Amino acid sequence: MKIDGRPTRSIWAEDGQVRIIDQRWLPHELRIVTLADRAAFATAIAEMWVRGAPLIGATAAWGMAVQMAADPSDASLAETWQILHETRPTAINLRWALDRMRAHLAPLPPVARAAAAEAEAQAICDEDVELNRRIGAHGLPLLRAIAARKGRVNVLTHCNAGWPATVDWGTATSPLYQAHEAGIDLHVWVDETRPRNQGAQITAWELGAHGVAHSLITDNAGGHLMQRGLVDLVIVGTDRTTARGDVCNKIGTYLKALAARANGVPFYVALPSPTIDWRVTDGLAEIPIETRDGAEVTHVQGLDDQGRIARVRISPATTAAVNPAFDVTPAELVTGLITERGICPATAEGLRALFPDLAPMS
Ligand code: MRU
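Cut-offs used in this document
Residues numbered from 1 in each chain as written. Predicted model: local features only at pLDDT ≥ 70, side-chain atom pairs only at ≥ 80, totals over all residues. Heavy atoms only, no water. Core = buried A, V, L, I, M, F, W, Y, C linked by side-chain atoms within 4.5 Å. Buried < 20%, exposed > 50% of the residue type's maximum accessible area, 1.4 Å probe, protein only. Helix = DSSP H or I, 4+ residues; strand = E, 2+ residues; numbered from the N terminus. Domains from an automatic or database assignment. Contact = heavy atoms within 4.5 Å. Near = heavy atom within 4 Å. Polar contact = N/O pair within 3.5 Å; in protein donor to acceptor, adjacent residues only side chain to side chain. Areas by Shrake-Rupley, 256 points an atom, 1.4 Å probe, with all protein chains shown as cover. 1 Å grid on protein atoms, 1.4 Å probe; cavity = no way out; pocket = protein on both sides within 12 Å on 5 of 7 lines; lining within 4 Å. Sits in = over half its atoms within 2 Å of the grid points. Nonpolar A, V, L, I, M, F, W, Y, C, P; charged D, E, K, R; others polar. Axes fitted to C-alpha atoms, helices over the stretch in contact; angles between N-to-C directions. Parallel < 35°, antiparallel > 145°, perpendicular 65-115°, else oblique. Left-handed = near helix turned anticlockwise from the far one by under 90°. Salt bridge = Lys/Arg side-chain N within 4 Å of Asp/Glu carboxyl O. Phe/Tyr/Trp six-rings, centres within 6.5 Å; stacked < 30°, edge-to-face > 60°. Lys NZ or Arg CZ within 6 Å of the ring centre and 35° of its normal. Points joined across faces, edges and corners; volume = space filled by probe spheres on them.

**Quick notes on the nonpolar core**
- Counting 70 residues, the largest nonpolar core has Ile11, Leu143, Leu186 and Ile235 as the members making the most contacts within it.
- Ranked by residues supplied to this core, first place goes to helix 5 (residues 110-150) with 12 residues.
- Two domains each donate at least three residues to this core, and these are domain 1 (2-127) and domain 2 (137-354).
- The residues contacting Leu143, other than those within four sequence positions of it, are Val153, Val155, Pro175, Leu176, Ala179, Ile184, Leu186, Leu233 and Ile235.
- Grouped together as the second largest cluster of nonpolar side chains are 30 residues, Leu156, Val265, Ile276 and Phe355 included.

The following block contains the structure:
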């Protein structure tokens, strides 16, 4: 999507180097950094310089490619899969991308691996852009239908499932961008998304940069707005969706799904197929939930009065914090899954009907 009118991706190769937007400093600073070696890629994923399920996968693929240029041996391939896989536990796109790279590279002689890895990492990125574009095309009619009925469409979204969470377009935001381009009168409620505030810092930034009308709200405001008929539709992303349609996404998503169900608001989840974990059925029992540093809860980052990025403590120094980073929304609470092949019910049958080639034989 565009920054200052310039089409921009979240990760790209340029002059033989891989560049990313270091998202820790958004929206206050647009810092572009080069990731030069495997250790830098691992740090960038683990410490959330890059984040969002599809982008984590794309970054791992490029990390593998950079390492293959340095050492294309079998041992290096195996070790790199392991090191990058350990960076974050919940988003399945990480494993999907690493498995795809390994399956592509392992049969090749080491001398052929560097070029093949670069081409495959680029293919993963280009495919991600196209999958997300199609998600938007399939989601657009939902917004059109609401617009035809009542004019302005109010959508609520949680965390950042926007273009910086993917290579481009975003998942949850792709229908929003396409509705905006189509001239639909759209307004987005942006959950701030404590503790890291990806909504306040990234979703608000990207929607603003693209000219999409939006309002930032506290995470606690969504239920209130739904009770008053001010939310027509919820669209969120997902870090891992199970074979029966349970959705694991940023902490707080489940509460939004409960409030949406209680108020008769449709709750959609947008996802590309690499976010489906076909090996897992029961999301609550089987998906590992990342626990992050309690300092993300006890501290917040922002711009101080001198215009410097600062981090301040908001709780007593002696108070401990617990920080589960994701939750699971059971499939029953999901109105539909918006995928690159269309919208399906959040059921095993619905997913299998759309992806008969990917779903394991029952
Ligand atoms: O911890 P993060 O910022 O990586 O979590 C991101 C999310 O939960 C997104 O909503 C999810 O990855 C969907 S991204 C298209």
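**Regarding the site of the ligand**
- Taken together, 19 residues surround the ligand, and among them Gly52, Arg88, Gln198, Asp239 and Lys250 come closest.
- In this structure, an oxygen atom belonging to the ligand sits 2.9 Å away from a main-chain N or O atom of Ala53.
- Contact between the ligand and Arg88: an oxygen atom at 2.8 Å from a side-chain N or O atom of the residue.
- For the ligand, whose unbound accessible area comes to 410 Å², protein coverage reaches 100%.
- More than half of the atoms belonging to the ligand lie within 2 Å of the grid points that define the largest cavity.
- Of all the elements in the fold, those that place two or more residues in the shell around the ligand are helix 2 (53-70) and strand 11 (247-250).
- Within the shell around the ligand, the residues separate by chemical class into 7 nonpolar, 8 polar and 4 charged.
- Split by domain, the shell around the ligand shows at least three residues from each of two domains, domain 1 (2-127) and domain 2 (137-354).

**Describing the packing of helix 6 (residues 173-181) against helix 7 (residues 198-210)**
- As a packed pair, helix 6 and helix 7 sit with axes 12 Å apart at the nearest point and diverge in direction by 20°. By the angle between their directions, the pair helix 6 and helix 7 is classed as roughly parallel. Between helix 6 and helix 7 lies a crossing of right-handed hand. In this structure, helix 6 uses Thr173, Tyr177, His180 and Glu181 to contact helix 7, whose residues at the interface are Glu206, Leu207 and His210.
- Residues that form the contact of helix 6 with helix 7 fall into these classes: 2 nonpolar, 3 polar and 2 charged.

**Points about the domain arrangement of the protein chain**
- Here the protein chain is described as being made up of domain 1 (2-127) and domain 2 (137-354).
- Relative placement of domain 1 and domain 2: their C-alpha centres are 24 Å apart.
- Every contact between the two is made by 33 residues of domain 1 and, on the other side, 37 residues of domain 2.
- Between Arg88 and Glu290 there is a salt bridge whose closest N-O contact spans 2.7 Å.

**Let's talk about the environment of Pro72**
- By secondary structure assignment, the location of Pro72 is in the loop between helix 2 and helix 3 (74-85).
- Sequence separation between Pro72 and Arg113 is 41 residues; the distance between their C-alpha atoms is 6.1 Å.

**What about the packing of aromatic side chains?**
- Applying the stated criterion across every chain, the model contains 2 aromatic pairs.
- Summarising the aromatic geometry, the rings of Trp163 and Trp205 are spaced 5.9 Å apart at their centres and angled 45° between planes, so their arrangement reads as tilted. One end of the pair, Trp163, is in the loop between strand 6 (153-157) and helix 6; the other, Trp205, is in helix 7, with 42 residues separating them in the sequence.
- Under the relative-accessibility criterion, Trp163 is labelled buried at 1%.
- For Trp205, a relative accessible area of 17% corresponds to the buried category.
- Summarising the aromatic geometry, the rings of Trp278 and Phe355 are spaced 6.3 Å apart at their centres and angled 65° between planes, so their arrangement reads as edge-to-face. Pair noted here: Trp278 is in the loop between strand 13 (276-277) and helix 10 (283-286) and Phe355 is in the segment after helix 12 (348-354), with a separation of 77 residues, a long-range link. In this pair, the class of Trp278 matches that of Phe355, namely buried.
- Directly above the aromatic system of Phe326 lies the positively charged group of Lys250, at a separation of 4.1 Å from the ring centroid.

**Describing the side chain of Asn249**
- You can see Asn249 is positioned in strand 11.
- For Asn249, a relative accessible area of 5% puts it in the buried group.
- Within polar-contact distance, the side chain of Asn249 engages the backbone nitrogen of Thr238 at 3.4 Å.

**Some details on the environment of Val322**
- You can see Val322 is positioned in the loop between strand 15 (309-313) and strand 16 (326-329).
- Residue Val322 is classed as exposed on the basis of its relative accessible area of 72%.

**Remarks on empty space enclosed by the protein**
- Counted under the stated rule, the structure contains 4 cavities of 30 Å³ or more.
- Computed from the structure, the largest cavity encloses a volume of approximately 180 Å³.
- Lining the largest cavity we find 21 residues, and of these Arg51, Gly52, Ala53, Asn160 and Asp239 sit closest to its centre.
- For the lining of the largest cavity, the secondary-structure elements that each account for two or more residues are helix 2 and strand 11.

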